[in-house]
Amino acid sequence: MVSTGGTGPHVGVLALQGDVREHARLLEGLGAHVSSVRRPGELEGLDALVLPGGESTVIDRLARLTGLQQPLREAIAGGLPVLGTCAGLILLAERLQDGGPGQETLGGLDVTVRRNAFGRQSESFETDLVVPALEGPPVRAAFIRAPLVDELGPAARPLAALPDGRVVAARQGRVLGLAFHPESTGETRFHELFLELVRQR
Ligand code: GLN
């Protein structure tokens, strides 16, 4: 993927590691113009950014090696709308529990995220979520070695919860962080909500 798709908002997908293609396809299907971000210069001119799932320790390390960490932090702090899923939520967390040795985040979401929060038996599972912001049927979501939002700071709001009330997605303005993978169950409503927020900007 270099730069493809529609005439809608220009969305960059951080393409250092992880499920980049799934997000790109979904966004293109919703009319976005999508390009991959592997270098600082590729952040220029973006209307929005997606941080995919994958392995957050690897993405963190590569972001530092490629010189992307600081520009990403500045872009997010400067108001660039961001959607992060799974490892992407970890990258957005202001505070991280159970991170790898020396692991750093980008920030942008006033939450404490616990990495790999689900025990061994349920490292991967699918479940229905309660998501008041979305219309229609419950959200079927895939959790793959997923993190959890342990605490929300005053700037963040819960966006989705497990049936037992544990928070698995949070929002702060135009920054959305999801612990699960909507892109792998064909769920498009979070990306639609995100593009709507981008268009409103
Ligand atoms: N456990 C992974 C991490 O620490 C996240 C898993 C995922 O993105 N599916 O980054």
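Worth saying up front: this structure is predicted, and the values here are computed from it rather than measured.

**Student:** Quick question: what am I supposed to make of the overall build of the protein chain here?
**Tutor:** Along its length, the protein chain carries 5 helices and 13 strands. Expected size for 201 residues packed as a compact globule is a radius of gyration near 17 Å; at 15 Å, the protein chain falls within 12% of this value. Taken along the three principal axes of its C-alpha coordinates, the protein chain extends 40 × 40 × 30 Å. Counting all 201 residues of the protein chain, 52% fall into the buried class. The long-range share in the protein chain, meaning contacts at least 24 apart out of those at least 6 apart in sequence, stands at 65%. Here the protein chain contributes 20 positively and 24 negatively charged side chains, and the mean placements of these two sets differ by 2 Å.

**Student:** Quick question: what am I supposed to make of the site of the ligand here?
**Tutor:** Taken together, Gly53, Gly54, Glu55, Ser56, Cys86, Ala87, Ile90, Arg115, Asn116, Ile144, Arg145 and His181 are the residues near the ligand. One of the backbone N or O atoms of alanine 87 is found 3.1 Å from an oxygen atom in the ligand. Within the side chain of histidine 181, an N or O atom sits 2.8 Å from a nitrogen atom of the ligand. Residue classes in the shell around the ligand are distributed as 4 nonpolar, 5 polar and 3 charged.

**Student:** Looking at this structure, I do not really get the packing of aromatic side chains. What am I missing?
**Tutor:** The geometry of two aromatic rings is summed up by the distance between their centres and the angle between their planes. In total, this model carries 5 aromatic pairs according to the counting rule given. With 5.2 Å between their ring centres and 70° between their planes, phenylalanine 118 and phenylalanine 125 make a pair best called edge-to-face. For phenylalanine 118, a relative accessible area of 10% translates into the label buried. When the ring of phenylalanine 118 is compared with that of phenylalanine 143, the centres are 5.8 Å apart and the planes differ by 70°; the resulting orientation is edge-to-face. With phenylalanine 118 in the loop between β7 (109-114) and β8 (124-129) and phenylalanine 143 in strand β9 (residues 139-144), this residue pair connects regions lying 25 residues apart in the sequence. A relative accessible area of 1% places phenylalanine 143 in the buried class. Each residue in the set Phe118, Phe125, Phe143, Phe180 and Phe190 is aromatic and connected to the rest through ring pairs, giving one cluster.

**Student:** Explain the pattern of salt bridges here, please?
**Tutor:** Oppositely charged side chains may form a pair once their charged atoms are brought near each other. Enumeration over the complete set of coordinates arrives at 12 salt bridges. Between aspartate 110 and arginine 95 there is a salt bridge, with its nearest N and O atoms 2.9 Å apart. Here aspartate 110 is found in strand β7, whereas its partner arginine 95 is found in strand β6 (residues 93-97), with 15 residues between them in sequence. The class of aspartate 110 is buried, set by a relative accessible area of 14%. A relative accessible area of 34% means that arginine 95 is categorised as partly exposed.

**Student:** Would you mind showing me how to read the environment of leucine 91 here?
**Tutor:** Along the chain, the position of leucine 91 falls in helix α4 (residues 87-92). Taking C-alpha positions, leucine 91 is 6.7 Å from serine 56, a pair spaced 35 residues apart along the chain. Those residues within four positions of leucine 91 in sequence are excluded, and the remaining contacts are Leu51, Ser56, Ile59, Asp60, Thr105, Leu106 and Gly107.

**Student:** In this structure, what is going on with helix α3 (residues 69-77)? I would like to understand it.
**Tutor:** Residue pairs three or four apart in sequence face the same way in an α-helix, which turns once every 3.6 residues. Within the sequence span of α3, burial applies to Gln69, Leu72 and Ile76. Each buried residue of α3 lies within a common arc of 65° when the element is viewed along its axis, so the set occupies one face. Along α3, exposed side chains directed more than 90 degrees from the buried face belong to Glu74 and Ala77. Of the surrounding secondary structure, the elements contacted by the buried residues of α3 are β2 (10-14), β4 (48-51), α2 (56-65), β5 (82-85) and α4. The positive-phi residue at the C-terminal boundary of α3 is glycine 79, with phi of around 105°.

Parameters at a glance
- Residues numbered from 1 in each chain as written.
- Predicted model: local features only at pLDDT ≥ 70, side-chain atom pairs only at ≥ 80, totals over all residues.
- Heavy atoms only, no water.
- Helix = DSSP H or I, 4+ residues; strand = E, 2+ residues; numbered from the N terminus.
- Rg over C-alpha atoms; globule rule 2.2 N^0.38 Å.
- Buried < 20%, exposed > 50% of the residue type's maximum accessible area, 1.4 Å probe, protein only.
- Contact = heavy atoms within 4.5 Å.
- Lys, Arg positive; Asp, Glu negative; His and termini not counted.
- Charge placed at Lys NZ, Arg CZ, Asp CG, Glu CD.
- Near = heavy atom within 4 Å.
- Polar contact = N/O pair within 3.5 Å; in protein donor to acceptor, adjacent residues only side chain to side chain.
- Nonpolar A, V, L, I, M, F, W, Y, C, P; charged D, E, K, R; others polar.
- Phe/Tyr/Trp six-rings, centres within 6.5 Å; stacked < 30°, edge-to-face > 60°.
- Salt bridge = Lys/Arg side-chain N within 4 Å of Asp/Glu carboxyl O.
- Arc of directions from axis to C-beta.

By themselves these figures say nothing about function.
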